[in-house]
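If you want the building blocks of each chain, they are given just below.
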Amino acid sequence: MSQTRPNASTAPTANGRADDALDALIIGAGFSGLYQLYSLRDRLGLSVELLEAADGVGGTWYWNRYPGARCDSESHSYCYSFSEALHQEWTWSERYPEQPEILRYLNHVADRFDLKRNIRFGTRVVAARYDAADNRWHVTTERGEHLSARFLITAVGCLSSANVPDIPGRDDFAGKWYHTGTWPREGVDFSGKRVGLIGTGSTGIQAAPVIAETAAHLTVFQRTANYSIPARNAPLTPAFQDHVREHFAEIRALMHATANGHPFAVADRSALATEPAEREAIYEAAWQKGGLQFRATFRDLLVDKAANDTAADFIRRKIRAVVKDPVKAAILTDIDHPFAAKRPPIDSFYFETFNRDNVDLVDLRAAPIERITARGVRTREAEYPLDIIVFATGFDAMTGALLGIGLTGRDGVSLREHWSAGPRTYLGLQTDGFPNLFTITGPGSPSVLCNMPVPIEQHVDWITACIAQMRARGQSRIEPTAEAVAGWVEHVNAAANATLLPQVGHSWYLGANVPGKPRVFMPYAGGMAQYREICDDVAARGYAGFVLS
Ligand code: FAD
Ligand code: N01
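Let me sum up the structure you'll find in this document. Keep in mind that what you see is a predicted model, and the values were worked out from it rather than measured.

1. Some points on the site of ligand 1
- Lining the immediate environment of ligand 1, one finds 33 residues, of which Ser32, Glu52, Asp72, Tyr78 and Met452 sit closest.
- With respect to ligand 1, the side chain of Ser32 contributes an N or O atom lying 2.6 Å from an oxygen atom.
- Take Met452: an N or O atom from its main chain is 2.6 Å from an oxygen atom of ligand 1.
- Protein contacts shield 95% of the accessible area of ligand 1, which totals 980 Å² for the unbound molecule.
- Elements with a minimum of two residues in the shell around ligand 1: helix H1 (31-43) and helix H2 (60-63).
- Ranked by residues supplied to the shell around ligand 1, first place goes to H2 with three residues.
- In terms of residue class, the shell around ligand 1 is built from 18 nonpolar, twelve polar and three charged.

2. A few points about the sheet that holds strand E14 (residues 369-372)
- What the three strands build is an open sheet, ordered E14-E15-E16; its pairing is antiparallel. The sheet is open, and its two borders are formed by E14 and strand E16 (383-385), each paired with just one other strand. Across the sheet, the mean angle from the axis of one strand to that of its neighbour is 20°, orientation sign disregarded.
- In the sheet, E14 pairs with strand E15 (residues 376-379) via three bridges, with the strands oriented antiparallel. Its bridge partner lying in E15, Arg371 is registered against Arg378.

3. Structural notes on the environment of Ala311
- Residue position: Ala311 is located in helix H9 (residues 305-322).
- Residue class for Ala311 comes out buried when judged on its relative accessible area of 0%.
- With 17 residues separating them in the primary sequence, Ala311 and Phe294 have C-alpha atoms 9.0 Å apart.
- Ala311 has contacts with Tyr283, Phe294, Leu301 and Phe339, leaving out every residue within four places of it along the chain.

4. Some details on the sheet that holds strand E2 (residues 48-51)
- In space, the five strands of this open sheet follow the order E3-E2-E1-E7-E19, with parallel pairing throughout. The open sheet has two edge strands with one neighbour each: strand E3 (119-120) and strand E19 (437-439).
- Summarising the sheet, E2 and E3 pair through two bridges and their orientation is parallel. Among the inter-strand pairings, Leu50 is bridged to a residue of E3, identified as Ile119.
- Its contacts with the sheet place H1 against strand E1 (24-27), E2, E3 and strand E7 (151-154), and it is angled at close to 170° to E2.

5. A short note on the packing of aromatic side chains
- Summed over all chains, the structure comprises 40 aromatic pairs.
- With 6.3 Å between their ring centres and 35° between their planes, Phe151 and Phe438 make a pair best called tilted. Taken together, the positions of Phe151 in strand E7 and Phe438 in strand E19 put the pair 287 residues apart, joining distant regions of the chain.
- Taking relative accessible area as the criterion, Phe151 reaches 4% and is therefore assigned buried.
- Taken together, the ring pairs in this structure connect Phe31, Tyr35, Tyr38, Trp61, Tyr78, Tyr80, Phe82, Trp90, Trp92, Tyr105 and Phe113 into an aromatic cluster.
- Sitting over the face of the ring of Tyr62, Arg65 holds its NZ or CZ atom 4.8 Å from the ring centroid.
- The ring centre of Phe298 lies 5.2 Å from the NZ or CZ of Arg269, which sits over that ring.

6. Some remarks on the site of ligand 2
- Residues in close proximity to ligand 2 total 23 residues, the closest being Asp72, Thr203, Gln206, Thr224 and Lys342.
- At 3.3 Å from an oxygen atom of ligand 2 is found a main-chain nitrogen or oxygen belonging to Ala392.
- In this structure, an oxygen atom belonging to ligand 2 sits 3.1 Å away from a side-chain N or O atom of Trp508.
- Protein chains shield 88% of the accessible area of ligand 2, which is 910 Å² for the free molecule.
- Among the elements that take part in the shell around ligand 2, helix H5 (residues 202-214) stands out by supplying three residues, more than any other.
- Per-domain counts for the shell around ligand 2 show at least three residues from each of domain 1 (22-161 + 397-548) and domain 2 (170-391).

What counts, and where the lines are drawn
- Residues numbered from 1 in each chain as written.
- Chains lettered and ligands numbered in written order.
- Predicted model: local features only at pLDDT ≥ 70, side-chain atom pairs only at ≥ 80, totals over all residues.
- Heavy atoms only, no water.
- Near = heavy atom within 4 Å.
- Polar contact = N/O pair within 3.5 Å; in protein donor to acceptor, adjacent residues only side chain to side chain.
- Areas by Shrake-Rupley, 256 points an atom, 1.4 Å probe, with all protein chains shown as cover.
- Helix = DSSP H or I, 4+ residues; strand = E, 2+ residues; numbered from the N terminus.
- Nonpolar A, V, L, I, M, F, W, Y, C, P; charged D, E, K, R; others polar.
- Pairing = 2+ DSSP bridges.
- Axes fitted to C-alpha atoms, helices over the stretch in contact; angles between N-to-C directions.
- Buried < 20%, exposed > 50% of the residue type's maximum accessible area, 1.4 Å probe, protein only.
- Contact = heavy atoms within 4.5 Å.
- Phe/Tyr/Trp six-rings, centres within 6.5 Å; stacked < 30°, edge-to-face > 60°.
- Lys NZ or Arg CZ within 6 Å of the ring centre and 35° of its normal.
- Domains from an automatic or database assignment.

The values reported here are purely geometric and, on their own, carry no functional implication.
Have a look at this one:
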């Protein structure tokens with residue numbers, strides 16, 4: 001059911017073309033787009049419309065309805081902080097709430113700020129072209145509507161374009177298959193079914209324990225073994241809920257001060273310089289506490305392989321202690337990359353799941369998938385009969401949804417051509433040749449290396465202030481110089497190369513999970529606090545690196 005309520009002043013006219021009343025168009029109604037709509041419409045008083053492919057708000061939390069889906073940022077930080085009143089009136093139930101609760105929160109935000117009246121749901125953008133003659137973006141939707149606006153802001157998400165691997169025979173499968181990122185609204189009934197789960201990233205690790213509880217049998221197909229830290233999820237106590245309400249300002253200040261936007265700082269101590277017994281005790285305490293804070297136990301884990309090895313060794317020992325079958329334990333601990341150099345998952349009883357009688361583990365490194373057959377999945381060694389296949393195979397991350405918009409810039413050059421050797425941006429916010437186009441959490445932004453509401457709010461605030469200043473000065477066009485873009489790309493590469501992150505060849509940070517995608521390290525690894533300072537400095541210097549007219 002579409003909840004579309006077009007703004008009367010911007011509805012397409014009889015010939016299918018919109019009038020020219022819009023100041024800005026936003027694409028995407030997740031965390032990013034909702035706050036951008038509020039900021040431009042209610043703070044600047046602009047005429048704005050938001051286009052969203054789904055039938056509701058929520059973005060990630062609209063689409064990812066797979067069993068076990070929940071956040072791994074702690075709930076009191078995985079939310080907006082732009083409005084203290086909003087913060088005070090919302091109460092999270094758990095340390096890591098499930099998808100329905102986060103979706104309820106985003107609907108609450110949209111209703112509280114009366115955002116839905118400017119959102120066109122069920123509206124996928126298929127083309128967007130900048131016209132230098134009128135200095136406007138002309139947008140076409142899948143239904144053939146045309147709209148135009150001075151500014152185009154993409155809020156299409158870093159992890160929103162599902163990656164379904166093109167395994168031979170997929171269409172021959174006689175059972176049903178699903179991708180976790182486009183999960184059916186009505187859910188999937190696993191009872192009595194033989195289920196195959198392909199993928200052991202954050203998603204597969206969340207889904208496996210829940211599927212195993214209801215399926216007759218679960219086969220987990222693992223290509224790359226992964227670390228995971230127990231989430232230790234639990235209901236929040238009233239005392240903690242009060243603490244969060246009372247310390248709103250301090251918590252927000254801490255999130256703004258840290259490198260990754262989480263409400264905890266990375267300890268200023270070296271794993272290598274710490275005595276082994278003390279180091280072990282620190283890891284043990286972090287393991288018992290659970291969550292992503294494990295990564296913050298020592299400052300050198302992500303920059304020094306020997307330091308990282310101490311954490312990696314600790315986690316492998318923990319996995320071996322949990323998993324009773326030595327063959328499964330060996331497959332699960334055969335991890336080929338440093339801890340947290342790929343996005344680290346946290347879990348609720350993932351490794352314990354392999355102790356169940358109805359769960360098997362297939363090592364795809366030893367015997368890769370050859371094809372999907374009518375009956376199930378066939379590897380080089382065996383065929384596994386299945387009723388349902390779940391693809392927890394991730395996303396065409398960071399650029400997939402952006403390129404899916406079909407953007408064409410100033411000189412008729414498409415973004416796909418412009419980025420054929422990999423994405424190039426200035427501050428992750430703009431790219432040369434595409435005036436008045438802003439991307440929220442685009443490549444070159446700290447985005448996925450952070451607790452994402454923090455970079456999202458920073459980007460939106462920066463874009464809003466930039467547009468406000470342009471209007472105050474009578475300017476209507478902004479574009480970065482090619483030199484500024486080249487300088488930022490170089491800085492993004494240098495920041496990544498100072499860490500262990502680019503050394504993992506099969507990481508989605510590099511685009512390596514999508515065949516044919518250029519291998520470029522996409523997020524900015526210099527830290528959110530430093531990034532914020534750089535953006536503030538650029539603005540203070542009259543938007544240095546941008547040409548405004
Ligand atoms: P999204 O939420 O992805 O929204 C983008 C929207 O754009 C979507 O609704 C999509 O339909 C729409 N769209 C895309 N293309 C078009 C088009 N062409 N036309 C019209 N509409 C379009 N991050 C964290 O920091 N902490 C977490 O705990 C966390 N948990 C996550 C769990 C899962 C399962 C996943 C997949 C991601 C998680 N993330 C987490 C990352 C998460 O994506 C971000 O935190 C955040 O939700 C992104 O918001 P967004 O608005 O930028 O993008
Ligand atoms: O995707 P992934 P995800 N044959 O790309 C495997 C966020 N998130 O959906 O590693 C066989 O990480 C692939 O194997 P390999 C978070 O940012 C957060 O799990 O490429 N296997 C891998 O095991 C996360 O990082 C939460 O060898 C194939 C898996 O599929 C991001 O979203 C929860 C394959 C994909 O892992 C993406 O996570 C969920 C093939 N052809 C997601 N192709 C939170 O808890 C891929 N794989 C916050």
